[in-house]
Amino acid sequence: MQDGKNLIMAIVLCLLVVVGWSYLADYMGWVVKPDPAEIAKMEAAQAEQAQKAQAEAEAKQKAQAEPLPAFTPAPGVDVTVDAPLYKAVLHSGGGVLRSFELKKYTSGLDEDSPRINMVDPQTAAVAPLGLVINGQPSWSTGKWALESDSGVTVAEGGKGVVRLVGEVDNLRVTRELTFNSENYLISEKVSLATLGTDTRSVRVRYTVAADTSNAANTNYDAMRVAWDNGGSLGEETSTDKLTKEGVEASGKLYWAGPMSTYFLSAVMPGDADEARMVGRMQGSVYRVALEPKEVVVAPGQETTLEVSYWMGPKERKMLAAVSDQLALSVDLGMFSIIAKGLLWLLEFFQQYTHNWGLSIIMLTIVIKAVFWPLTAKSYSSMEKMKKLQPMMANIREKYKDDKEAMNKALEYYHGEKSDGYTHFDGHTEIYATYTHTKKYTMMLAHHDLRVVHVSTHVSLREACDRVKKDRVLDVIRIANAGCKAIGIKEPKLAVAGLNPHCGENGLFGREEIEE
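Described in the following lines is the structure provided in the data block. (Residues numbered from 1 in each chain as written. Predicted model: local features only at pLDDT ≥ 70, side-chain atom pairs only at ≥ 80, totals over all residues. Heavy atoms only, no water.)

## Description of the pairing of strand β2 (residues 86-91)
With five of six residues buried, β2 is to be regarded as a mostly interior element. Hairpin geometry of strand β1 (residues 78-82) and β2 is characterised by an intervening segment of three residues between the two adjacent antiparallel strands. Across five bridges, β2 lies against strand β3 (residues 97-106) in antiparallel orientation. Within β3, the residue paired with Leu 90 across the bridge is Leu 97. (Buried < 20%, exposed > 50% of the residue type's maximum accessible area, 1.4 Å probe, protein only. Helix = DSSP H or I, 4+ residues; strand = E, 2+ residues; numbered from the N terminus. Pairing = 2+ DSSP bridges.)

Here it is in structure tokens:
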């Protein structure tokens, strides 16, 4: 009996301890109370997840009850789009381009010169404008049908539409391409719907390509892969790197594609955030694939993506009308402020002459007129200098062994006997004086060759005396910086020797060894 009482008392004491400890811990603040805001946030997340699960379940039921309309693939045919600025041919089996001929641009000056074709046979072989869906090339693995006419004519001020429907990777894919009459922009809507009952994650890559024939392939006009990442222009011109490794970029990619100085084939995603670009060279063709972030396609629902393409010349006004980022493809270099002004003036003349050659002549006349005061002063100085040349030649001969006396005598003629004019050896010195340039040299240009001088407008004897290590090094640095300033990214420099065979180890002179 006593044991039973003891058991009951022990149980009561345990309950008192448990209950009392809870109140004591709560009173003393030993137990952290959950944040009401966090509780509400968790409850909202649970409710959202429950709604999402319910929506997916309803979508599955709807997909089972209302399947997508039956799709019947058709044999591929060529679809021709005839617009005022171009004539495009694409294949209905996936929508890849076979040809994109520019009507206002020819490969030569002759009237019968062939038109520029942005998609020549080599480029068409790699399927530009094709979609890669979840790693599968839609033009070769999918089944397609054309839902528009095989011949589309785009009138002035109008638009033309080509609509394709296909099945790729158990997805229903609809491509609606809109061709513009006023520019070289192709706008596209890509609609995706799953054919199954499960939610799908889908990755879509958009592709463009261009052949090396779109450029002259010189330092001034080289083919390259270019892209705009967050408003910054990126380029890769090395054919060796593009062939062996390729180039990649990721981030906020507004556009990417192969381009030359004058033509551009670019893809512009509707959503530039978290996009990825891959560029490679295959044979003579530059290929670019741009992939935005993946999208989720639920059963019974349709997901629509937007993308645009530019296939044509880099006309600044047209590019700027599409987007400011696309206009960055025209890189005017470090002197862009001056270049923009000259381009504006050139385009102004062209509006009235309708002839670029005549416009260039008129621009040249304007520039000559602006610089005429400086040119006239130079001519006047040269005439006066001719009168002093005989006396200066006598001074050089008289003091040939005394440099200090020669310089003082020459300074006298440059000063008191100069009639108040400043002596310049040539136009290079004039520009250096008026631009306050301390280190300078003359550069001669011909095609891909640039030549810079260690000495200019001095006698052969004095030219040899000026060949000093510091001077040669200064000229090398000036030449390297100058080449980069005019767009040569990696100049290759060669230094000519003073003596035959650079002295042949002292056989023909020791200046190269000692200096």
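So much for the structure itself; the text now carries on.
## Examining the pattern of salt bridges
Counted under the stated rule, the structure contains 19 salt bridges. The shortest N-O distance in the salt bridge between Arg 98 and Asp 78 comes to 2.7 Å. Residue Arg 98 is found in strand β3, and its partner Asp 78 is found in strand β1; the two are separated by 20 residues along the sequence. Here Lys 293 and Asp 271 are joined by a salt bridge, their closest N and O atoms 3.6 Å apart. (Salt bridge = Lys/Arg side-chain N within 4 Å of Asp/Glu carboxyl O.)

## Description of the packing of aromatic side chains
For the coordinates displayed, the defined rule picks out seven aromatic pairs. Summarising the aromatic geometry, the rings of Tyr 86 and Tyr 184 are spaced 6.2 Å apart at their centres and angled 40 degrees between planes, so their arrangement reads as tilted. Placement of Tyr 86 in strand β2 and of Tyr 184 in the loop between β10 (171-180) and β11 (185-194) is noted, with a sequence separation of 98 residues between them. Classification of Tyr 184 by relative accessible area gives buried; the value is 1%. Considering the side-chain rings of Phe 348 and Tyr 352, the 5.2 Å spacing of their centres and the 65 degrees angle between planes classify their relative orientation as edge-to-face. Residue Phe 348 and its partner Tyr 352 are located together in helix α8 (residues 336-353), separated by four residues, close to a single helical turn. Assessed through its relative accessible area of 34%, Phe 348 is described here as partly exposed. Joined through ring pairs, the aromatic side chains of Tyr 86, Phe 100, Tyr 184 and Trp 310 make up one cluster. (Phe/Tyr/Trp six-rings, centres within 6.5 Å; stacked < 30°, edge-to-face > 60°.)

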